Each structure stands twice: as structure tokens, then as C-alpha cells.
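# Descriptive structure summary
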Amino acid sequence: MLTESQKDVFETTMKALEEDEPLLMFIDARGGTGKTFVLNAILAAVRCLESNTHGSVALATGTTGIASNLLLLGRTFHSRLKAPLSPHEDSVCNINAQSTLAELVRLARIIIVDEAPMLHRYLIEALDRTLKDLMNNDQPFGGKSVVLAGDFRQCLPIVPHAGRGTIVDASFKRSKFWKHFKKLEL
């Protein structure tokens, strides 16, 4: 049921997970291209992968309540990952290393963030710092597979009282991590 571009996204993701290779991917998808459909297919497939005697953990997040509700077992990015509401360049997510949430994040094979272009780049960088700390790994995002999805042509981060330049600078495309992400289009 997947289109060719959806199949490419799905197969790229599953191949990386099956080979236990960290994947950093951005899915550039305009409205109506089936982004939510393919993200849910990935979530279902990952959760069916065997990990000891249980399925694998896949964390589904969205930047808005609507985006997160459309994902299987989705939560908002801020709720699931305890992201700061007013991020700055040194922010981290508020996840205690000994908490059950930290253990859940460690077990996760993949973290998906839908409508990611709405996040301030400081939040993506905070996720990187947090995952490096929780995983005790200096690779980008602690060696975790992270899939971001959305459309930069829609809604960018909200920066109160800011001009165009400041808003564009707050975009994830301005982050030092943008170059590490494989870009696929739907």
C-alpha cells in the first residue's frame, strides 16, 4: 500500500534498524503525501521487531497535540521528552538518568518527531545533549535512531516579537546537526 517514496522511507528506516546502525533522517513531506501513514507503518514494524522476548520500543512524538494523536501511541514532544518550554542554547530535557522514562528512552530503537520544523533548534540540540548523556555515547543523539518529519514550508518555530531572520535562525536547518540528517522526500 506504500507509494515508491513512502516505501523508500520505510525500507531505509527498517534496514538501518535491522543492521543496528544509528539513523538520523528528515522526511520532507508536504500535506497530503501520506507522512502520517508511513510513520505509523514504521512504528508498527519497529514495535514488532523482536528484542529478547518482547517487541521493540518506538517512541512517537509530535510537536502538537493533533500531530501526536495521529501517531500510534503518540505523545507531544514536550510531554514525552520533558523538553523545556523556554529553550536556550544550553538546554537539556528534564529526564533524570535513574527514572523509568530514562530507561524507556534507553530501550527505544527509534524516536520519531512529527512536525519537527515547528521546534526551535535549541530543542533538537537539547534532545542531542540529553541522549548523549543517557546513552553515555558521544555520537550525535547518543547513537539513537531519530526520524524527524514535517514541512519547512508550513509552520516554523514561534519566536515572540522576532523578525524573519531571527525566526529562520531558530529553524532546525540552522542547527549544527542538520548536516548529519539524511533527507528523504515524500
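Residues numbered from 1 in each chain as written. Predicted model: local features only at pLDDT ≥ 70, side-chain atom pairs only at ≥ 80, totals over all residues. Heavy atoms only, no water.

### Topic: the environment of L81
The cut-off we apply is this: Think of it this way: any DSSP run of H or I at least four residues long counts as a helix, any run of E at least two long counts as a strand, and we number them from the N terminus. Here the term buried applies to any residue with accessible area under 20% of the maximum for its type, exposed to any over 50%, and partly exposed to those in between, with areas from a 1.4 Å probe on protein chains only. In this description, contact between two residues means that some pair of their heavy atoms is separated by no more than 4.5 Å.
Tracing the chain through its elements places L81 in helix α4 (residues 77-81). Residue classification places L81 among the buried residues on the basis of a relative accessible area of 1%. Sequence separation between L81 and L49 is 32 residues, and the spatial gap between their C-alpha atoms is 23 Å. In this structure L81 touches C93, N94, I95, V105, I111 and L127, once residues within four positions along its chain are discounted.

### A few points about the packing of helix α5 (residues 100-107) against helix α6 (residues 121-135)
Packed helices, taken two at a time, are described by their axes: the angle between them and the distance between them. Under the convention used in this document: Whenever a helix is involved, its axis is fitted only over the stretch in contact; in every case the axis is a line through C-alpha atoms, and angles between N-to-C directions fall within 0 to 180 degrees. Note that the term roughly parallel is reserved for angles under 35 degrees, roughly antiparallel for angles over 145, roughly perpendicular for angles of 65 to 115, and oblique for everything else. Note on residue classes: Ala, Val, Leu, Ile, Met, Phe, Trp, Tyr, Cys and Pro are nonpolar, Asp, Glu, Lys and Arg are charged, and everything else, Gly too, is polar.
It is the contact of α5 with α6, at a shortest axis distance of 10 Å, that shows an interaxial angle of 90°. When the axes of α5 and α6 are compared, the pair comes out roughly perpendicular. For the pair α5 and α6, contact is made by A102, V105 and R106 and by L131, L134 and M135, respectively. Considering only residue class, the contact of α5 with α6 consists of 5 nonpolar, no polar and 1 charged.

### A few points about the pairing of strand β7 (residues 145-150)
In the case of a regular strand, side chains alternate between the two sheet surfaces. Defined as follows: Note on pairing: DSSP must find at least two bridges between two strands before they are called paired. Here is how to tell: hold the view so the strands point away, follow the path from the first strand over the helix to the second, and if it runs clockwise the crossover is right-handed.
Within β7, 6 of the 6 residues are buried, leaving the element largely enclosed by the surrounding structure. Residues S145, V147 and A149 line one face of β7 and the alternating positions V146, L148 and G150 line the opposite face, and both faces are buried. When strand β1 (residues 24-28) meets β7, the two strands line up parallel, connected through 5 bridges. The residue of β7 that forms the bridge with F26 is L148. Each parallel crossover has a hand, and the one from strand β6 (residues 108-114) via α6 to β7 is right-handed.

### Section: the sheet that holds strand β4 (residues 57-62)
Taken in spatial order, the 6 strands make up an open sheet running β5-β4-β6-β7-β1-β8, and their pairing is parallel. Two strands bound the open sheet, and with one partner strand each, they are β5 (75-76) and β8 (182-185). Against the sheet, α5 makes contact with β4 and β6, and its axis sits at roughly 100° relative to β6, the strand it touches most.

### A few points about unusual backbone geometry
Most of the time, phi is negative for any residue but glycine, and the peptide bond is trans. Of note in this structure, E115 is not a glycine but carries a positive phi near 60°. Inspection of the secondary structure puts E115 in the loop between β6 and α6. Since its relative accessible area comes to 18%, E115 is described here as buried. Positioned with a positive phi, F141 is a non-glycine residue whose angle comes to about 55°.

### Re the pattern of salt bridges
So the rule is basically this: Basic side-chain nitrogens of Lys or Arg form a salt bridge, by our definition, when they fall within 4 Å of a carboxyl oxygen of Asp or Glu.
Taken as a whole and assessed by the stated rule, the structure comprises 8 salt bridges. Between D114 and K35 there is a salt bridge, with the nearest N and O atoms lying 2.5 Å from each other. Of this pair, D114 sits in strand β6 while K35 sits in helix α2 (residues 35-48), placing them 79 residues apart in sequence. Across the pair, K35 and D114 agree in class, each one buried. Residues joined by salt bridges that share partners form a network here, namely D28, D151 and R153.

That is the geometry; function is a separate question.
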